[in-house]
Amino acid sequence: MADEERYHALAEKIFMGNSDLIPSLFEMIAGLEEADLLLALPGTAKGMAESYGKSEEEIQGMLDTLFRKGLVFKKETPEGTLYRLCRDLMQFHDASILWPEAPREYLDLWQRFMEEEWPAFSEIVDKILPRPVARIVPVGETVGGRQQILAYEDVRQMIEESGTIAVTNCTCRLTARKCDRPVEICLQIGKAGEYTIDRGSGREIDKEEALALLRKAEEAGLIHTTMNRAEDTHFICNCCEDCCMTFPLIINKKLHLCDPSRFTARIDEELCNGCGDCLERCYFGAMVLNDEREVVVVDEEECMGCGLCQVVCSEGAISMEVVREEDFIPT
Ligand code: SF4
Ligand code: SF4
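Definitions and cut-offs
- Residues numbered from 1 in each chain as written.
- Chains lettered and ligands numbered in written order.
- Predicted model: local features only at pLDDT ≥ 70, side-chain atom pairs only at ≥ 80, totals over all residues.
- Heavy atoms only, no water.
- Helix = DSSP H or I, 4+ residues; strand = E, 2+ residues; numbered from the N terminus.
- Rg over C-alpha atoms; globule rule 2.2 N^0.38 Å.
- Buried < 20%, exposed > 50% of the residue type's maximum accessible area, 1.4 Å probe, protein only.
- Contact = heavy atoms within 4.5 Å.
- Areas by Shrake-Rupley, 256 points an atom, 1.4 Å probe, with all protein chains shown as cover.
- Lys, Arg positive; Asp, Glu negative; His and termini not counted.
- Charge placed at Lys NZ, Arg CZ, Asp CG, Glu CD.
- Near = heavy atom within 4 Å.
- Nonpolar A, V, L, I, M, F, W, Y, C, P; charged D, E, K, R; others polar.
- Domains from an automatic or database assignment.
- Buried area = accessible area lost by both parts, 1.4 Å probe.
- Salt bridge = Lys/Arg side-chain N within 4 Å of Asp/Glu carboxyl O.

Caption draft 1: Expanded view of the overall build of the protein chain. Summing up its helical and strand segments, the protein chain has 15 helices and 12 strands in all. On C-alpha atoms alone, the protein chain measures out to a radius of gyration of 22 Å, which is about the 20 Å that the 2.2 N^0.38 rule sets for 331 residues. Once the C-alpha set of the protein chain is aligned to its principal axes, its extents read approximately 80 × 40 × 35 Å. A buried classification covers 52% of the 331 residues belonging to the protein chain. Partitioning the intrachain contacts of the protein chain with sequence separation of at least 6 by distance along the chain shows that 67% fall at a separation of at least 24. As displayed, the protein chain offers around 15,600 Å² of accessible surface, 49% of which is attributable to carbon and sulfur atoms. One way to put it: in the protein chain the 35 positive side-chain charges average out to a point 3 Å from where the 63 negative ones average out.

Given below as structure tokens:
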């Protein structure tokens, strides 16, 4: 197989055979021998060593390197540790960008992909996925009537009930560098946390630090997002409206790439003094100032239920109220 065909074949394996840049991304971090091994997976180090006529130690060393690069994932089986290629574009993106030794030009090439190819691809994702893979979680402390909020939509309870927690860099801010908001702030929970620590792509933190990071994210105006499944929390990402791979497309193109939370912001007009601080904080254009009454009004159709407006309201005029049923969150 010609050199470039290997990388194109790898792109095809993650359903990105039409991409110009995905083969180049593989080529930048996988040598020819590594590419051949990737194409031959899934398999164990022993099985791969037999088919390649190499020692098991040599193949194990290559698989360890590919695991650290985020190109392979592993699973324990009765036959030994089974390795497989990253499953799809999102796994390739999320895992390989967090390769601790990733060179800057690799991150820059991902950013080029995000600008040149991702918008068109995301329109297809928007059309074919019945529901987005992620959903917004409201700013935890701000949801009124704690009985209304479910454990899997309360960031603080998610942390309290989690096992291992790790913090990683935000893949989007690391590559895009469009704002100066915190980079080391995305949380991996449970098995995802164990995977992160095993790979060295993040560091283990305790619950106290995780809660402090959530608060830091809220104060920096970052939107909490998680898996769009009830009781299935692998991550709490903290997204901005400029670097993020999804929010600019939600805001500017109205693509349905992330579900709202079950909540909406409500304004107490008695308390609102019309200062307008919340307007800037709402990335979704869901708030307008009523000049005559000097109060802010929320457009429920546009409100994504992130709760960030409430963080900046010094008058306590904003509360979050449930507007969607519990079964809105997929099981
Ligand atoms: S920040 Fe609070 S007081 Fe100021 S306009 Fe918004 S809701 Fe009203
Ligand atoms: S009004 Fe805007 S900032 Fe407030 S919860 Fe809704 S989307 Fe978030």
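So much for the structure itself; the text now carries on.
Caption draft 2: Region of interest: the site of ligand 1. For ligand 1, the full set of nearby residues is C272, N273, G274, C275, G276, D277, C278, V296, C313, E315 and I318. The residue makeup of the shell around ligand 1, split by class, is 6 nonpolar, 3 polar and 2 charged.

Caption draft 3: Geometry of the domain arrangement of the protein chain. Per the domain assignment, the segments making up the protein chain are domain 1 (3-116) and domain 2 (134-328). Taking only C-alpha atoms into account, the centre of domain 1 sits 32 Å from that of domain 2. Each partner contributes residues to the interface: domain 1 has 21 residues there, and domain 2 has 14 residues. Here domain 1 and domain 2 share an interface that buries about 1,500 Å² over both sides, 61% of which is from carbon and sulfur atoms. Interface area lost by domain 1 to domain 2 is led by F67, L98 and R104, which between them contribute 38%. On the surface where domain 1 and domain 2 come into contact, there are 2 salt bridges.

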